[in-house]
Structure formats: C-alpha cells, structure tokens
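Coordinate analysis (summary)
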Amino acid sequence: MHPIRKKRLTVVLFLLAGLSIAVGLTTYALRQNINLFYDPSQISAGEAPVDVRIRAGGMVQEGSVLRDPDTLKVEFLVTDYSASVPIEYVGILPDLFAEGQGIVAMGRLNSEGRFVADQVLAKHDENYMPPEVAGALEKASSAEGKPMPVNAKPATY
Amino acid sequence: MWQFFHKLGSPKWFFGISARFMPWLLAGGILLLMAGVVWGLAFAPKDYLQGNSYRIIFIHVPTAFMAQSVYIMMASAAVVTLVWRMKLADVFVKAVAPVGLVLTFLALFTGAVWGKPTWGTWWIWDARLTSMLILLFLYGGVIALDRAINDEKSAARAVAVLVLVGVVNIPIIKYSVDWWNTLHQPATFKLTEKPSMPAEMWVPLLLSVLGLYLIFGWLACVRMQTEILCREQRTRWVKEFVMKGRV
C-alpha cells in the first residue's frame, strides 16, 4: 500500500478507536445512574421517595387484579416474589397486561405505601410462538408439575 | 487485486456494469419481499401472546435491520473516501443517505405502531428507541452537511468524517437491550443460537430482509447512476450517453 494511504488509514483507525473509548466511557458512566425502575422490595423497604414521579416494575401477582365495574379503575399487586406493592391505575391497560406478566408503571408513591400510576406499560420478551405450541408447552409442564418456562397464555383476540 | 479495486473506482465503468445487474436486483427483490411479506402477514401463525399484532414484525425488523446495515456500508465507503480518495465511494454515501433516512424513519414508525397496542405507548425514552432516533438524526446530518458544502472534495471528506463518527452508534443500538434495562425486548435472532421463534415465522422474516436488501441494492444503483451523470456531465462519455442512450 502507498505510504500516504497507509498513514491515512492509521489516522482513521485511531479516530475510530478514540471515539469508541470516549463513547464507551460516557455510556458506562450513564449506566451507573440510569433511571431504573424501583422493584417491589426496594419500595417496601422505603428506598423509593414518596410523592416523587418514579417508575415501579415487576410481575403482576396472580389473582390480585381487581377491576371497578363502573369505572376504568384497576388495582393490582406487583411482585418480585419477595415483596409486593399495591398499584392503582385509572385508564386503559395495554392488551398484554395480564396476571403473571411483566409491567412497568409510572406514577407516585403515596404516604400509605400505595403506588398511584398514571401510566402502565407492558413488557414482552423476544420469544414468539404459535398458540398451539404454547398450549402444548403449558400442558406438558402442568403434567410434570413444573412452572412454565415462559408466560404462556392463549391469545384472546 | 488492486487493479480491480481501482477499476471499481471509475464512475464510467460502474455506470456500465451496474446497468447489467439492476433488473435482476429489482426482480429478485420484489419477488422475495412480496413472498416474505404476504407469507408473514397472511399465512404465518399468530403469536400466543400478542395475537395478530405481532405481524408488524415482518415490516419492522427488515427496515430496522436495513437502516443499520446501510449505515455500516456507508461507514465502509467513508473509510475508502478518506484513505483512497475514491470518487465512487463518496457517490455511494451521498446516494444512499436518504434511503437510510427513510428506512430508519419506517423502523421508528412501525415500532411506534407496534408499541401502542403491546406496551401501551407510542414512545418511551429507553436506550434502544433513543439510539435509533440518534441514527435518524445522523442520516439527516449527513445529508445536511453534504448540501451545506459546495466544493465537492471538501464535502466528501467532511461527510466521511461525520459518517465515521456516527458509526459508534451502531453497536450501541445493537447491544442497548443487553447493556441497559429497556422496555424493548432483546434480540430474537442471535448469531450463535437458534432464533427464538419457529421456522414458519422466521423464514418469511428472512425472505423479507433479503428482498429489502436486493431492493436497496437496486435503489443504490439507480441513485448512484444519477449522481454520476450529474457529476460527470462535462465528460465526453456522458455526452455520448445522452445522445445515443448507451455507454
């Protein structure tokens, strides 16, 4: 290769290396104070600030969803299987909201330890499968008495 | 090998050779994309959890994949511009930047449309969505910078540096879902493992990705040809081409 081109190539490689290090360090620093949601154990231990807009996240506890028959009000427990926090929300829940499903809620913790959400988002994973496969998996795991590997539920629409 | 590489840099040579395989790119692209999208939207099984709304994946994943792929190609061309000062590399960057912009916009748009029914929101400032938005701005910046500088050679170098600076965003987009806690789910396709969806879902997805790749190739050729004609308008071969209709 021509020496001038070699020199230019070295400059380009140095530019890329320098940039990667700079961006790597910046994102590493951001990682330390990124806005993670509080999990139920942190909230029940009193680590979450009261009456400040925060995010809370976890699994919707099985059998805890209570719907008001007249309004859009919903109450449910969010758990990380060691503690749970009651959440109340008025509004339309995302389609994927279900018991046993992961959610992230945005709102404020009141002084009684209840989380009043103004937004509830559902989280889904990267696994896709036809309903029949999910049904077969559920049957197989319930026959063996093991917990489900994924939150398989037949689609209702 | 170097001789071939230098020949590749000749706009006239490229103009002639690209015309030969462009019809194949277009025909193959339309065929694969149609097959993938129709199979995915109409015949693939629905998802156990999301039902039919997951089907937008057959548009969302190809556009998002191509948006990043086009940027990596642009960055490779930018290295060629900076090191070898090859005109054709710069022609490529300028020709495909608007295509990349449109693909990124489509990926963001289909993502928002998918996010509303599944997550419950059009937009959230999580790492994946934000880094993809930065990619959109990078494409816009590349186009704007190119238009802002009149001199062809200085524009080429400035654009190449900007494209290279932006390439660090690509691994951030790719790994954002693994490095940080995001609402966006991790990748379904991994190089080392089997995809976490059955074949009757990932085959149509793969077909539409390949189809979009071919259509992108065709579009890049068309736009590069136009750019070459504009730049070389004073040369004899372009004048002859305009008069006779062939090179």
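Here's a quick rundown of the structure. (Residues numbered from 1 in each chain as written. Chains lettered and ligands numbered in written order. Predicted model: local features only at pLDDT ≥ 70, side-chain atom pairs only at ≥ 80, totals over all residues. Heavy atoms only, no water.)

1. Description of unusual backbone geometry
Stated precisely, the cut-off is as follows: Every helix listed is a DSSP run of H or I at least four residues long, and every strand listed is a run of E at least two residues long, numbered separately from the N terminus.
Positive phi, normally seen in glycine, also occurs at A:Asp51, with a value near 60 degrees. If you trace the backbone, A:Asp51 turns up in the loop between helix 2 (40–44) and strand 1 (53–60). Here the phi dihedral of B:Arg85 falls at roughly 50 degrees; this positive angle occurs in a residue that is not glycine. Looking at the secondary structure, you find B:Arg85 in the loop between helix 3 (57–84) and helix 4 (87–118).

2. What to know about the pairing of strand 4 (residues 84–90) of chain A
All names here are of chain A. Under the convention used in this document: We call two strands paired when DSSP finds no fewer than two bridges between them.
When strand 3 (residues 73–79) meets strand 4, the two strands line up antiparallel, connected through 7 bridges. Counterpart to Val-74 in the pairing with strand 4 is Tyr-89. Here strand 3 folds back onto strand 4 in antiparallel fashion, the turn holding 4 residues, of which Tyr-81 has a positive phi close to 70 degrees. Bridge count between strand 4 and strand 6 (residues 115–122): 3 bridges; the pairing is parallel. Residue pairing for strand 6: Glu-88 is matched across the bridge by Val-116.

3. So, the packing of aromatic side chains
Formally: In this scheme Phe, Tyr and Trp rings, the latter by its six-membered ring, pair at centre separations within 6.5 Å, and the angle between planes marks the pair as stacked below 30 degrees, edge-to-face above 60, and tilted otherwise. When a residue's accessible area, from a 1.4 Å probe over protein chains only, is under 20% of the maximum for its type it is buried; when over 50% it is exposed; and in between it is partly exposed. Two limits define a charge over a ring: the Lys NZ or Arg CZ must be within 6 Å of the ring centre, and within 35 degrees of the ring normal.
Applying the stated criterion across every chain yields a total of 9 aromatic pairs over all chains. Here A:Tyr128 and B:Tyr54 contribute two aromatic rings whose centre-to-centre distance is 5.9 Å and whose plane-to-plane angle is 35 degrees, an arrangement assigned as tilted. Here B:Tyr54 lies in the loop between helix 2 (11–43) and helix 3 and A:Tyr128 lies in the loop between strand 6 and helix 3 (131–144), a pairing that spans two chains. Here the two residues A:Tyr128 and B:Tyr54 agree in accessibility, since each one is buried. Relative to B:Tyr139, the ring of B:Tyr71 lies with its centre 5.4 Å away and its plane at 75 degrees, an arrangement referred to as edge-to-face. Placement of B:Tyr71 in helix 3 and of B:Tyr139 in helix 5 (residues 127–148) is noted, with a sequence separation of 68 residues between them. Just as B:Tyr71 is buried, B:Tyr139 falls in that class too. Site record: aromatic cluster; members linked through ring pairs are A:Tyr128, B:Tyr54 and B:Phe58. We note B:Lys174 situated over the ring of B:Tyr175; from NZ or CZ to the ring centre the distance is 5.2 Å.

4. Here we look at the layout of surface pockets
Residue and element names in this part refer to chain B. The test is simple: Definitions used for this entry: grid spacing 1 Å over protein atoms alone; cavity, a set of points where a 1.4 Å probe fits but cannot get out; pocket, an open set with protein on both sides within 12 Å along at least 5 of 7 lines; lining residue, one with an atom within 4 Å of a point. Grid points are joined across faces, edges and corners, and a volume is the space filled by probe spheres set on the points. All residues other than Ala, Val, Leu, Ile, Met, Phe, Trp, Tyr, Cys, Pro, Asp, Glu, Lys and Arg, Gly among them, are scored as polar; the first ten of these are nonpolar and the last four charged.
Considered as a void within the structure, the largest pocket measures approximately 1200 Å³ in volume. Along its surface, the largest pocket is lined by 43 residues, and Val-61, Phe-65, Gln-68, Arg-128 and Ala-187 are the ones closest to its centre. Breaking the lining of the largest pocket down by element, the ones donating at least two residues are helix 3, helix 4, helix 5, helix 7 (169–179) and helix 8 (199–231). The class makeup of the residues in the lining of the largest pocket is 30 nonpolar, 10 polar and 3 charged.

Remember, this is a structural readout, not a statement about activity or role.
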